[in-house]
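Residues per chain are reported as follows:
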Amino acid sequence: MLAAAALFSIAAARPIQAAERPVIRAGVLKFGTVSWELDTVRANRFDEAGGIDLHLVELAGTPATQVALQAGGVEIIVSDWLWVSRMRAKGEALSFIPYSTAVGALVVPAGSGIAGIADLRGRRIGIAGSPLDKSWILLKALAGDRHGLALDRDAQAFFGAPPLLNNKIADGDLDAVLTFWPFAARLEAKGMRVLMTVSDMLAALGQPVTLPSIGYVFREEWARANPAALGGFQTATAKAKALLLQSDAAWERLAPLMQAEDDATFRTLRDRYREGIPRSWTAEERDGAGRLYKLLARLGGRELVGDAPAIAPGTFWTGGE
């Protein structure tokens with residue numbers, strides 16, 4: 001970050017003209033949480049102050065952002081470090097810097113009799129994503145370790161898109177939902193109860209709980225060739241995070257992008273985003289990610305992590321050294 005700060009000082013001393021500023025194309029989902037941060041960057045001209053021009057490229061879904069990055073259609077996307085490591089193990093040199101520590105949660109209706117994991121026996125559980133969803137793998141491990149439950153057998157698992165699962169639990173068709181944090185926040189705002197967060201699961205399994213779950217991902221070759229541009233991007237997004245942490249007015253401006261149904265949903269989304277702003281990113285956190293990778297590799301096997309038994313070197317960008 002010292003390098004980024006130095007770049008920002010230079011930019012402040014002599015504004016960089018538009019023709020001189022490198023363009024960074026970021027692949028985003030139109031109403032995704034990443035758009036909130038990057039729209040804040042552009043609205044406040046933090047990108048110009050950092051010596052870059054940030055362009056947002058709206059894409060249809062996470063797989064589309066990954067394809068766009070691999071094809072060179074964008075310079076930066078948001079994804080998880082497990083995917084980055086898997087790509088590096090296949091020979092595709094991608095790297096990761098933190099975006100958010102926000103994680104998903106297991107949510108039940110307010111009046112549910114489910115008080116803990118042991119009560120999931122025989123229940124209908126909606127899981128956002130696929131059977132290889134990391135949160136589902138962790139929940140199954142915890143259920144087996146602490147309660148002798150094999151959730152694949154002892155519960156009814158339904159996999160689907162988060163909006164569909166939110167509708168299903170609201171209609172009473174599901175007893176619990178394990179979903180991504182923005183969708184858990186929407187259920188929470190409607191009065192449903194968070195039974196356990198993924199951070200709670202990690203803590204119960206002896207794993208670090210403050211790791212960034214997702215981050216900005218880019219090609220290492222591009223980062224090495226454009227260190228000033230990457231530094232400017234880091235400076236710009238850090239300023240946006242600081243503003244969103246402190247300013248309620250900045251969130252009011254974002255309301256149309258957030259698509260909150262009511263004030264309670266708006267406030268819950270805002271607060272959960274703020275809680276997920278990374279506070280540190282040191283060797284200790286990176287070592288913790290390595291330990292978590294080994295656990296996930298043991299639990300999820302080759303289908304989840306590929307052939308690499310340990311996290312691939314270079315997965316986490318540390319300045320190009």
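Calculation notes
Residues numbered from 1 in each chain as written. Predicted model: local features only at pLDDT ≥ 70, side-chain atom pairs only at ≥ 80, totals over all residues. Heavy atoms only, no water. Helix = DSSP H or I, 4+ residues; strand = E, 2+ residues; numbered from the N terminus. Buried < 20%, exposed > 50% of the residue type's maximum accessible area, 1.4 Å probe, protein only. Pairing = 2+ DSSP bridges. Axes fitted to C-alpha atoms, helices over the stretch in contact; angles between N-to-C directions. Contact = heavy atoms within 4.5 Å. Polar contact = N/O pair within 3.5 Å; in protein donor to acceptor, adjacent residues only side chain to side chain.

Examining unusual backbone geometry
Okay, step 1: Positive phi values are uncommon outside glycine, yet arginine 45 reaches one of about 55°.
Okay, step 2: Mapped onto the elements of the fold, arginine 45 is located in the loop between α2 (33–43) and α3 (46–49).
Okay, step 3: When its relative accessible area of 52% is taken as the criterion, arginine 45 is described as exposed.

Looking at the sheet that holds strand β6 (residues 124–128)
Okay, step 1: Ordered by their spatial adjacency, five strands build an open sheet running β7-β6-β8-β5-β9, and the pairing between neighbours is mixed. Lying at the two open borders of the sheet, with one neighbouring strand each, are β7 (156–160) and β9 (193–197). If you compare each strand with its neighbour and ignore which way they point, the axes differ by 25° on average.
Okay, step 2: As paired elements, strand β5 (residues 105–108) and strand β8 (residues 176–179) share three bridges and run antiparallel to each other. Bridge pairing in β8 links alanine 105 to threonine 179.
Okay, step 3: In this fold helix α6 (residues 134–147) packs onto β5, β6, β7, β8 and β9, with an angle of close to 125° to the strand it touches most, β8.
Okay, step 4: Strands in contact with helix α9 (residues 181–189) are β5, β8 and β9; relative to β8, the strand with the most contacts, it is inclined by about 145°.

Describing the side chain of serine 95
Okay, step 1: Tracing the backbone shows serine 95 in strand β4 (residues 94–100).
Okay, step 2: Of the polar contacts made by the side chain of serine 95, one reaches the side chain of arginine 88; its length is 3.5 Å.
Okay, step 3: Of note is the side chain of serine 95, whose polar atom sits 3.0 Å from the backbone oxygen of glycine 314.
Okay, step 4: Residues within four places of serine 95 in sequence aside, it is in contact with Val84, Arg88, Tyr216, Val217, Phe218, Glu220, Gly314, Thr315 and Trp317.

Any link to function would need more than the numbers given here.
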